[in-house]
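Close look at the chain arrangement
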Amino acid sequence: SSPLPMGGGAGGGGGGTLHGFHMNNNSHLDNSNTVGGVSSPLQLPESPTWDDLQNIGDVIAGVHLHQREDFLIFLSQSDCAYIKLLLNLFPPAEGRGEDMTELAVIIKTILLLNDPEIIEYVTSDAPTFESVCAVLEYDPELREKANHREFIQKCAKFRTVVKMEDDELVSQIHHLFRVTYLRDNVLRPTMDESSLSTLVSLAQFTQSDIIKGVITAPKVKVAGAGGVASELPGLSYLTKVVRLLAVEIDAIRTVISGEDESNAGPICQNQPIEEESDVTTMWQQHLAPQDSSLSSRHIRRKGCLMFLKELFCKARVSLQQPEKDEFIESCVSNSKLLYLLGAILSDPNVGVDEQGAALEMVSVVAMHDPCVIRRHCLQGAGTAAESSSNEMFSCLRPDPNDHREVIFICPPNDLLLSILFVMSTAADAGILLQTSEIIRIILDTDIVGDQGTSLNGSFMNEENDINAMNSQNIRHDTGLEEQNSFLALFYDRYIQWLVAPFQYKLFISKSILPLLSESNQDESFSAINRIRQEFKHCSASEEKSLTSVAGCAVRSSFTLEILSFCVRAHVYRMKFFILRTRLLGTILKMLCQKAPHPHQMASGGKCLKLASLKFLRSVLSVKDEFYHRHIVQYNLFAPVFDAFRITPVGRNLISSAVLEMCDFIRTENIKSLLEYIVTKHLTKSASPGEKSLEDIANPHVDTFAQLRRTHEENIGMHLDPNNEEGNPGNDGATFNGRPAPVINKKALEDQRKYREAESEDSYFNDDDDDDEVMGPLPNDENASSLPAMSDTASLLADVSSLE
């Protein structure tokens, strides 16, 4: 359809032009004015003429509240007979060139009374609806005349890919179009939502009826034995559309893959003929082209996807929860719709609109119940494991060649891998946003609970991980086992493709595989492995059938958002993956312009830098010592501080993010990172012209100074103001007349713990009568006769206890 015609609103509240009309002071109930035997409660002419419109407008505009109900009953009787009389004045008056403003105001005022019976009739009867739209083209509140008739008669068409045989369903779809068009295009440009409440409610109820009609299988009469007819359930319209979608996807993939170049012959034996009717042709069905050419198949495939997308979107907002459960069950469980959506997403030749339609349907299912997607992925993996060899699983992981290049060939029956394929190759920001939200919903299993605050220690095995992440949302062991199995599957086979664009140069194949079945599944995976093996021993530039995936900062930013979520949500698994692949160092290299992305992707975008810093911040928020040791071992804060040096401090998100991370390390007192940053990065620069980090930040904030101060407090170093070298002072403490020796931080920490344990033990071991046998106090006259407490034997005992 063409864009809907909408006149510009003139501003002001709805119905503002009606305030100038005045109620006839002599108005009273006049039973002589009747239409169809029903009396009019107001002074309305029985057979209105063009000269009566001024008086009719004044009377309708001045209807009092106590007269409103009787007036609406009068207008709605006999199929809105009086409204029809008013509409019949329009064609001859337009031919004479009369001013249509008064008639348009009258019709609009009647519609805005929000009477359900009047709205129902106007939107149910096609000629009446077209007449109302014609009159309202002259609405005085529009800046320019609308063109509703031209759109309805020439542009709008009821397009279908499979002919609808249910007349009631077709009528409901036409009814919904009229309600939506009247609400969104005819009345809304000058009105607000509250003035159209009846149209909004009517649209919701009509949508619910349409969805039920689409998913309900009609009864088909079949002649039985003895001439007795019986009714059997037929195929619902939804089933027909899904089957046609499967046929078109398979046919297109077969033609493109080169297995069947001569695909001739029509799909249907007889071309559908539009029914003859005296109404506008837009109310007839316009079937998609039914020939077997590739272009016609693309049209039918797109038509099926757009219909299903509209159906899913209407179901999400119109159905109640029980009805929505039934709808999702009928769409997913009783058909192979998720497999077909995976085939659409894995096709690199599919357009953005078709990708968006497929993602919209997956999003509806995931938001309704993500367990449906997880269960589908687990079933697919289990079926493949039973029917395929190890070749299938080997092709599910990146296998780079000598030039660190990877080819991404996605099997069409793997929905999760198809979603990751879109995440790794798409360039449209809307598609990437939608895909990232789907991945996040699927991975948010709610198993972790408060794992981020309770696992500040070592690795955990899988059993401990499950027990720690068992939250109140997990109601029984079956759901817990299913979620744990899905996470194990994701981190074993799929997450490598999520991070592959950061590690390798990505290529995709222009050719695609046909839909997999039980008969050709092994052959297809063998073909994938053969292509990958050939690619492994050559350069991608030598293969004309391959296309490189261009770098995209927006895509990488969305991917880092997902990885940051995984760090916080799946602590054990993500920690093992990051430490094993050294992913953190690869990502942080994109912060510094001097160390560009390995695949020549410009990393200067602020969104990408901020996403990289957010990923590091997520790692720090876990407060796991294994991460801290990994950062110290590979000096991973070096690119962070390099980015801080080249970025002006103040009013800058990048420098603010770096300072916030350092402040977090100081506040949480992460000793290993404090020592690493202070000793490694907060020293005076060797270059005379280069400032230190403290000099750069001090004019604005004292974060690094506080960082150094906290580190010195941890190791017991109190700097002497006169000591420029920063050597620790002794604060005047002496030992046997000499300055007290400097003890390292580990010895001080051990000594503190020993004294605490000693005091706790002495509290329970001492008796209440110790004061009687302790002997004289130190300030007693006999104190000098006590043995020295700091003799050599006591010191040796203390040292041995510390050791």
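Please read these numbers as outputs of a predicted model, since none were measured by experiment. (Residues numbered from 1 in each chain as written. Predicted model: local features only at pLDDT ≥ 70, side-chain atom pairs only at ≥ 80, totals over all residues. Heavy atoms only, no water.)

A word on the overall build of the chain
This is how the line gets drawn: Secondary structure elements follow DSSP: runs of H or I of four or more residues count as helices, runs of E of two or more count as strands, with numbering from the N terminus. Two residues qualify as a contact provided that any one of their heavy atoms is within 4.5 Å of a heavy atom in the partner residue. Surface accessibility follows the Shrake-Rupley procedure with a 1.4 Å probe radius. Residue values consider only the protein chains on display as shielding.
Of regular secondary structure, the chain possesses 35 helices and 11 strands. Partitioning the contacts of the chain with sequence separation of at least 6, the portion at a separation of at least 24 is 73%. For the chain, the accessible surface area stands at approximately 41000 Å², while carbon and sulfur atoms represent 49% of it.

Focus: the pairing of strand β8 (residues 505–509)
Our working rule: When accessible area is computed with a 1.4 Å probe and restricted to protein chains, residues below 20% of their type maximum are described as buried, those above 50% as exposed, and intermediate ones as partly exposed. Strands are labelled as partners when DSSP assigns at least two bridges between them.
In terms of burial, β8 is a largely internal element, four of the five residues being buried. For strand β7 (residues 405–408) and β8, the ladder comprises four bridges, and the chain directions are parallel. If you follow Phe408 over to β8, its bridge partner there is Ile508. In the sheet, β8 pairs with strand β9 (residues 546–548) via three bridges, with the strands oriented antiparallel. Looking at the pairing, Ile508 lines up with Thr547 of β9.

Side note on unusual backbone geometry
Backbone geometry places Arg404, a non-glycine residue, at a positive phi of 55 degrees. In this structure, Arg404 sits in the loop between α16 (390–394) and β7. Its identity as a non-glycine residue notwithstanding, Arg582 has a phi of 55 degrees, on the positive side. Here Arg582 is to be found in the loop between α24 (571–581) and α25 (583–588).

Points about the sheet that holds β9
This is how it is decided: Every axis corresponds to a line fitted to the C-alpha atoms, with the helix fit spanning only the stretch in contact, and the corresponding angles, defined between N-to-C directions, vary from 0 to 180 degrees.
Spatial strand order, β7-β8-β9: three strands in an open sheet with mixed pairing. Both edges of this open sheet fall to β7 and β9, since each of them pairs with a single strand only. For this sheet, the mean angle separating the axes of adjacent strands, direction not counted, is 35 degrees.

Comments concerning the environment of Ile215
Examined against the element boundaries, Ile215 turns out to sit in helix α9 (residues 197–215). Overall, the relative accessible area of 19% leaves Ile215 in the buried class. For the pair Ile215 and Cys331, spaced 116 residues apart in the sequence, the C-alpha separation amounts to 8.3 Å. In this structure, Ile215 is in contact with Ser236, Leu238, Phe327 and Ser330, ignoring residues within four places of it in sequence.

Here's the deal with the packing of aromatic side chains
Between two aromatic rings, the relevant description is the distance of the centres plus the angle of the planes. So the rule is basically this: For Phe, Tyr and Trp, where Trp contributes only its six-membered ring, two rings pair if their centres lie within 6.5 Å, and the inter-plane angle classes them as stacked under 30 degrees, edge-to-face over 60, or tilted in between. By definition, being over a ring means that NZ of Lys or CZ of Arg is both within 6 Å of the ring centre and within 35 degrees of the ring normal.
Going through the model one piece at a time under the given rule, you end up with 14 aromatic pairs. Ring geometry for Phe490 versus Tyr491: centroids 5.3 Å apart, planes at 90 degrees, classification edge-to-face. With respect to class, Phe490 is no different from Tyr491; both count as buried. By way of ring pairs, the aromatic residues Phe637, Phe641, Phe644, Tyr676 and Phe704 are connected into one cluster. Between Arg617 and the ring centre of Phe664, over which it is positioned, the NZ or CZ distance is 4.0 Å.

Details of the confidence of the model for the chain
Put simply, the test is: Residue-level confidence of the predictor is what pLDDT reports, using numbers from 0 through 100.
Mean pLDDT for the chain: 76, with 69% of residues reaching 70 or above. For the chain, the element scoring lowest by mean pLDDT is helix α19 (residues 451–454), at 36; helix α27 (residues 625–633) scores highest, at 95. Counted against residues more than four places away or in other chains, residues 447–476, with its pLDDT under 50, gives 58 contacts. Throughout residues 767–792 the model reports pLDDT below 50, and contacts reaching past four residues in sequence, or to other chains, amount to six contacts.

Considering the packing of helix α6 (residues 126–135) against helix α7 (residues 148–155)
As a reminder of what qualifies: Comment on the angle field: the value is read as roughly parallel under 35 degrees, roughly antiparallel over 145, roughly perpendicular from 65 to 115, and oblique elsewhere. All residues other than Ala, Val, Leu, Ile, Met, Phe, Trp, Tyr, Cys, Pro, Asp, Glu, Lys and Arg, Gly among them, are scored as polar; the first ten of these are nonpolar and the last four charged.
Packing of α6 against α7 brings their axes to within 8 Å, and their N-to-C directions diverge by 140 degrees. As judged from the angle between their axes, α6 and α7 are oblique. Contacts from Phe129, Glu130, Cys133 and Ala134 in α6 reach His148, Arg149, Ile152 and Gln153 in α7. Classifying every residue of the contact of α6 with α7 gives four nonpolar, two polar and two charged.

Description of the nonpolar core
Our working definition: What is meant by a nonpolar core is a set of buried Ala, Val, Leu, Ile, Met, Phe, Trp, Tyr and Cys residues, joined one to another through side-chain atoms within 4.5 Å.
Ranked by internal contacts, the top residues of the largest apolar core, which has 192 residues, are Phe327, Leu563, Phe637 and Phe704. Top contributing element to this core by residue count: helix α21 (residues 477–503), with 12 residues. Ranked by size, the runner-up nonpolar core spans seven residues in total, among them Ile407, Ile409, Phe507 and Ile528.

With respect to helix α1 (residues 53–61)
Each α-helix turn comprises 3.6 residues. Residues three or four places apart therefore point the same way. For α1, the complete set of buried residues consists of Leu53, Ile56, Gly57, Asp58, Val59 and Ile60. Contacts made by the buried residues of α1 are with α2 (65–87) and α4 (101–111).

Points about the side chain of Thr206
Heads up, the condition is: We call two N or O atoms a polar contact when they sit within 3.5 Å, provided that within protein one can donate a hydrogen and the other can accept it, with sequence-adjacent residues counted only if both atoms are side-chain atoms.
Counting through the fold element by element, Thr206 comes out in helix α9. Judged by relative accessible area, which is 5%, Thr206 ranks as buried. There is a polar contact of 2.7 Å between the side chain of Thr206 and the backbone oxygen of Leu202. Contact partners of Thr206, with chain neighbours within four places excluded, come to Gln172, His175 and Leu176.

A look at a negative patch on the surface
Cut-off, in case you're wondering: Only residues whose relative accessible area exceeds 30% and that form no salt bridge enter a patch; like-charged residues are grouped when within 9 Å of one another, and nonpolar side chains (Val, Leu, Ile, Met, Phe, Trp, Tyr) when within 5 Å. By salt bridge we mean one thing: a side-chain nitrogen of Lys or Arg within 4 Å of a carboxyl oxygen of Asp or Glu. As used throughout, the charge tally considers Lys and Arg to be positive and Asp and Glu to be negative, leaving His and the chain termini uncounted. Taken as the charge centre is NZ of Lys, CZ of Arg, CG of Asp or CD of Glu, depending on the residue.
Together, Glu165, Asp166, Asp167, Glu168 and Asp209 make up a region of like negative charge exposed at the surface. With respect to the helices and strands, the residue Asp167 is situated in helix α8 (residues 167–187).

Describing the pattern of salt bridges
Close approach of charged atoms lets side chains of opposite charge pair. This structure, assessed with the given rule, holds 24 salt bridges. One salt bridge in this structure joins Arg149 and Glu94, with 2.8 Å as the shortest N-O distance. Of this pair, Arg149 sits in helix α7 while Glu94 is found in helix α3 (residues 90–96), placing the two residues 55 residues apart along the sequence. Relative accessible area serves as the criterion here: at 27%, Glu94 is assigned to the partly exposed category. In this structure, Lys575 and Asp624 form a salt bridge, with 2.7 Å as the shortest nitrogen-oxygen distance.

Section: the environment of Ser692
Inspection of the secondary structure assignment puts Ser692 in the loop between α30 (671–681) and α31 (693–697). When the C-alpha atoms of Ser692 and Arg645 are compared, they prove to be 8.8 Å apart, with 47 residues separating the residues in sequence.

Some thoughts on the packing of helix α5 (residues 116–124) against α9
Put simply, the rule is: Should the near helix be turned anticlockwise from the far one by less than a right angle, the crossing is left-handed, and should it be turned clockwise, the crossing is right-handed.
Across the interface, α5 lies against α9 with an axial gap of 10 Å and an inter-helix angle of 60 degrees. By the angle class used here, α5 and α9 are oblique. Where α5 crosses over α9, the handedness of that crossing is right-handed. Here α5 contributes Pro116, Ile119, Glu120 and Thr123 to the contact with α9, which in turn contributes Thr198, Leu199 and Leu202. Of the residues assigned to the contact of α5 with α9, the class counts are four nonpolar, two polar and one charged.

Describing the environment of Val161
With respect to the element layout, Val161 can be found in the loop between β3 (158–160) and α8. Remark: the alpha-carbon pair of Val161 and Phe307, spanning 146 residues in sequence, is separated by 8.8 Å. Apart from residues no more than four positions distant in its own chain, Val161 is found in contact with Tyr237, Leu244, Leu287, Ala288, Gln290, Arg300, Gly303 and Cys304.

Points about α5
Every buried residue belonging to α5 is among Ile118, Ile119, Tyr121, Val122 and Thr123, and all of these are buried. Taken together, the buried residues of α5 touch α2, α4, α6, α8 and α9.

Some remarks on the side chain of His628
Considering the arrangement of structural elements, one finds His628 in helix α27. Residue classification places His628 among the buried residues on the basis of a relative accessible area of 3%. With residues up to four places along the chain from it excluded, the contact list for His628 reads Lys623, Ile670, Ser672 and Leu673.

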